Amino acid sequence: MKDRFKVNKDKREDMIKSIKYYFSEERDEDLGDLAAGFILDFFIEELAPEFYNIGVADSYKFLSEKLEDIYSIQIYK
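Residues numbered from 1 in each chain as written. Predicted model: local features only at pLDDT ≥ 70, side-chain atom pairs only at ≥ 80, totals over all residues. Heavy atoms only, no water.

Considering the overall build of the protein chain
- Along the backbone of the protein chain there are two helices and zero strands.
- For 77 residues, the compact-globule estimate of 2.2 N^0.38 gives 11 Å, and the protein chain exceeds it by more than 25% at 20 Å.
- The principal-axis extents of the C-alpha atoms in the protein chain amount to approximately 70 × 30 × 20 Å.
- Out of the 77 residues belonging to the protein chain, those deemed buried represent 13%.
- A fraction of 47% describes how many contacts in the protein chain between residues 6 or more apart in sequence connect residues 24 or more apart.
- Only carbon and sulfur atoms are counted for the fraction: they give 56% of the accessible area of the protein chain, which is about 7,000 Å².
- Averaging the locations of the 12 positively and 18 negatively charged side chains of the protein chain gives two centres separated by 6 Å. (Helix = DSSP H or I, 4+ residues; strand = E, 2+ residues; numbered from the N terminus. Rg over C-alpha atoms; globule rule 2.2 N^0.38 Å. Buried < 20%, exposed > 50% of the residue type's maximum accessible area, 1.4 Å probe, protein only. Contact = heavy atoms within 4.5 Å. Areas by Shrake-Rupley, 256 points an atom, 1.4 Å probe, with all protein chains shown as cover. Lys, Arg positive; Asp, Glu negative; His and termini not counted. Charge placed at Lys NZ, Arg CZ, Asp CG, Glu CD.)

Observations regarding the pattern of salt bridges
- Within the structure shown, the criterion is met by three salt bridges.
- Here Asp33 and Lys20 are joined by a salt bridge, their closest N and O atoms 2.7 Å apart. Separated by 13 residues along the polypeptide, Asp33 in helix α2 (residues 33-71) and Lys20 in helix α1 (residues 9-27) bring together distant segments of the chain.
- Residues Arg27 and Glu29 are paired through a salt bridge, measuring 2.9 Å at the closest nitrogen-oxygen approach. (Salt bridge = Lys/Arg side-chain N within 4 Å of Asp/Glu carboxyl O.)

Don't take any of this as a statement about function, it's just geometry.
Structural data, given as structure tokens:
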């Protein structure tokens, strides 16, 4: 499923720069914008949904704990 996650142009350019920097510094490889863009597209399409789901699960856990805190302040008569 393509285009599940949209990244604005400026953020995409920043991400491409980060990928190019990583390959240059860590792997001693120079990537062009096109190759780095393909890598970014792979991450967005294949890996981002898993990280998104982790964020949803973490948010659910956090909010559930906070709701339990709210219930603890109830006053019973």
